[in-house]
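Below, each chain spelled out in residue letters.
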Amino acid sequence: GSLSGHGIEEVGPAVRAAGHVDFLGVVTGTTLDPEVSGPAGVDKGRVVISGLTHSFDRIDATVLFYPDRAVLDRIEADFADGRIRGSGRAVWPVGDVVPPAAPPKSRIELQARGEDLALRVPEPWTLRGDLDLSYRQDADGRRVLVGRVDLDQALYLAEVDLGIAQLFRGLVQRSRVEVVERNEALDSVRLDLDVNGTGALAVRNNLADLEGDIDL
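Note that this is a predicted model, so its numbers are computed, not measured. (Residues numbered from 1 in each chain as written. Predicted model: local features only at pLDDT ≥ 70, side-chain atom pairs only at ≥ 80, totals over all residues. Heavy atoms only, no water.)

Participant: Give me the side chain of Arg 83: which residues, what numbers.
Facilitator: On the secondary structure map, Arg 83 appears in strand E7 (residues 82–91). Note on Arg 83: relative accessible area 16%, which makes it buried. The residues contacting Arg 83, other than those within four sequence positions of it, are Asp 57, Arg 58, Glu 76, Ala 77, Asp 78, Arg 113, Gly 114, Glu 115 and Leu 117. (Helix = DSSP H or I, 4+ residues; strand = E, 2+ residues; numbered from the N terminus. Buried < 20%, exposed > 50% of the residue type's maximum accessible area, 1.4 Å probe, protein only. Contact = heavy atoms within 4.5 Å.)

Set out below in structure tokens:
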């Protein structure tokens, strides 16, 4: 069968998508424990994630479904003025239905390579470079993001309004601490990232004109 999204639709919390999907599959098992097998292809897809400055466009992907896992055979997409290529797999338990109080444990592995990306995060920074990342989630829910980011440019051009009056006001005014709602999904991700950029750092505004290296 085929599914074709003529407009971008909400497919999950804070996620909207559009595109064309072709699938060839077999569904067996029971209504409570179905088993799906077969391939699916995505053509000219688009995904928009709320809060993310950039969208994933011109998505071309192939997914292979098995009774106990899904394999992302390949995926390519335009992202942040560059191109991302990746693959991965998701494994989930089969057999008896697990009650809602004890959700099933699954494993996820994703690899992604991005080339010549121009990221505008965090604002007002402009970051350009390549990345090679691997994300893993094991059966116990531990999440790890491992990889390397090679920056060609980390540019900061925003003007800073910092006159004498602003300095004095900042020294004498009472500050207020606000509690920000935590994102538990992001808080639980352990980072093992190597960020490098020889001569990539550049700050040019009314306060500074400097260049430097990045080694994080």
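Participant: How would you explain the packing of aromatic side chains if you had to name every residue and give the values?
Facilitator: One pass over the full model with this rule turns up two aromatic pairs. Note on Phe 56 and Phe 79: the rings are 4.5 Å apart at their centroids and 15° apart in plane angle, and the pair reads as stacked. Taken together, the residues span a long stretch of sequence, with Phe 56 in strand E5 (residues 56–66) and Phe 79 in strand E6 (residues 69–79) at a distance of 23 residues. Judged by its relative accessible area of 9%, Phe 79 is buried. The cationic tip of Arg 69 hangs over the ring face of Tyr 66; the distance from NZ or CZ to the ring centre is 4.2 Å. (Phe/Tyr/Trp six-rings, centres within 6.5 Å; stacked < 30°, edge-to-face > 60°. Lys NZ or Arg CZ within 6 Å of the ring centre and 35° of its normal.)

Participant: Pulling in residues and values, what's your account of the nonpolar core?
Facilitator: Most often, soluble globular proteins have nonpolar side chains that are buried together. The biggest cluster of nonpolar side chains holds 16 residues, and the ones touching the most others in it are Phe 79, Leu 117, Leu 151, Ala 154 and Ile 214. Where this core is concerned, the elements lending two or more residues are strand E8 (107–119), strand E9 (125–137), strand E10 (143–156) and strand E11 (189–204). Residue contacts for Leu 151: discarding those within four places in its chain leaves Leu 127, Arg 128, Gly 129, Val 195, Asn 196, Gly 197, Ala 200 and Ile 214. Ala 61, Val 63, Ala 70 and Leu 72 belong to the second-largest nonpolar core, a separate cluster that totals six residues. (Core = buried A, V, L, I, M, F, W, Y, C linked by side-chain atoms within 4.5 Å.)

Participant: Tell me about the pairing of E6, and name the residues and values.
Facilitator: Pairing of E5 with E6 involves eight bridges; the strand directions are antiparallel. Looking at the pairing, Ala 61 lines up with Ile 75 of E6. Hairpin connection between E5 and E6: a loop of two residues separates the two successive antiparallel strands. Pairing analysis gives nine bridges linking E6 to E7, with the strands arranged antiparallel. Considered in E7, the bridge of Ala 70 is made with Ala 90. The loop that links E6 with its antiparallel partner E7 comprises two residues; one of these, Ala 80, has a positive phi angle of about 55°. (Pairing = 2+ DSSP bridges.)

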